[in-house]
Amino acid sequence: MALYVSQRIRQRNALLAVLATAVLVGSLGVVIGRQQVPSIRERVTKISTQGTDIATGVERLDIEYEQVLSGEGDSVEAGVLEPLRGLRIRMQTTLDEAPWVSPSERRNVIDSFTAVEAAANANVSPIEFTAVLQTTGDIIRSAVSNG
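Residues numbered from 1 in each chain as written. Predicted model: local features only at pLDDT ≥ 70, side-chain atom pairs only at ≥ 80, totals over all residues. Heavy atoms only, no water.

Trainee: I would appreciate a short explanation of the environment of alanine 122 in the present structure.
Mentor: With respect to the secondary-structure elements, alanine 122 resides in the loop between helix H5 (103–121) and helix H6 (126–144). Judged by relative accessible area, alanine 122 falls into the exposed class, the value being 52%. Distance from alanine 122 to aspartate 53, taken between C-alpha atoms, is 26 Å for residues 69 residues apart in sequence. (Helix = DSSP H or I, 4+ residues; strand = E, 2+ residues; numbered from the N terminus. Buried < 20%, exposed > 50% of the residue type's maximum accessible area, 1.4 Å probe, protein only.)

Next up, the structure:
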């Protein structure tokens, strides 16, 4: 035996089913979306880690520079300046992702790369070159860790 349900009740039930589905799908979307988007802390940590890696890469150029001066390694161009250019590009990309780095800090970071390049081209002593590299590493770490 069939039970008669009025059109008004059927419409109400359909509307309730649509609303319940919308709430369920919306809640699921929010949960999934929150897991997909990195938190501010994760973003700051990522940028800080990238900056530290770049700073370490810059500081390691002293080994290549010493080899160039002793005649054991590549030229200054191949052993020091080419890797430095790659690190500078990575640094600029990292800075683009770090809105907390002020324009003056960004300029200091880029200027420090220029100082390393100038020191390498000037054939300064290994001690002076290492000091320039260390300063650059410190500037990089300071800029990206201010988040």
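Trainee: What am I meant to see in the packing of aromatic side chains here?
Mentor: The geometry of an aromatic ring pair is captured by two quantities: the separation of the ring centres and the angle between the planes. Applying the stated criterion across every chain, the model contains one aromatic pair. On the numbers, 4.0 Å between centres and 20° between planes, the contact of tyrosine 65 with phenylalanine 129 is stacked. Note that tyrosine 65 is positioned in helix H3 (residues 61–70) and phenylalanine 129 in helix H6, a separation of 64 residues in sequence. Among the residues examined, tyrosine 65 registers a relative accessible area of 0% and is labelled buried. (Phe/Tyr/Trp six-rings, centres within 6.5 Å; stacked < 30°, edge-to-face > 60°.)

Trainee: What is the right way to look at the pattern of salt bridges in this model?
Mentor: Between side chains of opposite charge, pairing is possible as soon as their charged atoms come close. All chains considered together, the criterion is met by six salt bridges. In this structure, the salt-bridge partner of glutamate 82 is arginine 85, at a minimum N-O distance of 2.7 Å. Placement of the pair is glutamate 82 and arginine 85 together in helix H4 (residues 76–96), with a separation of three residues, close to one helical turn. With a closest N to O distance of 2.9 Å, arginine 106 and aspartate 96 form a salt bridge. With arginine 106 in helix H5 and aspartate 96 in helix H4, the pair connects residues that are 10 residues apart, well separated along the chain. Within the structure, one salt-bridge network assembled from shared partners comprises Glu77, Glu82 and Arg85. (Salt bridge = Lys/Arg side-chain N within 4 Å of Asp/Glu carboxyl O.)

Trainee: What should I look at first to understand the nonpolar core in this one?
Mentor: The biggest cluster of nonpolar side chains holds 28 residues, and the ones touching the most others in it are Met91, Phe113, Phe129 and Ile140. Of all the elements in the fold, those that place two or more residues in this core are helix H2 (40–59), H3, H4, H5 and H6. Counting residues per element, this core draws most heavily on H4, at seven residues. The contacts of phenylalanine 113, once residues within four sequence positions are left out, are Ile54, Val58, Leu84, Leu87, Arg88, Met91, Thr136 and Ile140. (Core = buried A, V, L, I, M, F, W, Y, C linked by side-chain atoms within 4.5 Å. Contact = heavy atoms within 4.5 Å.)

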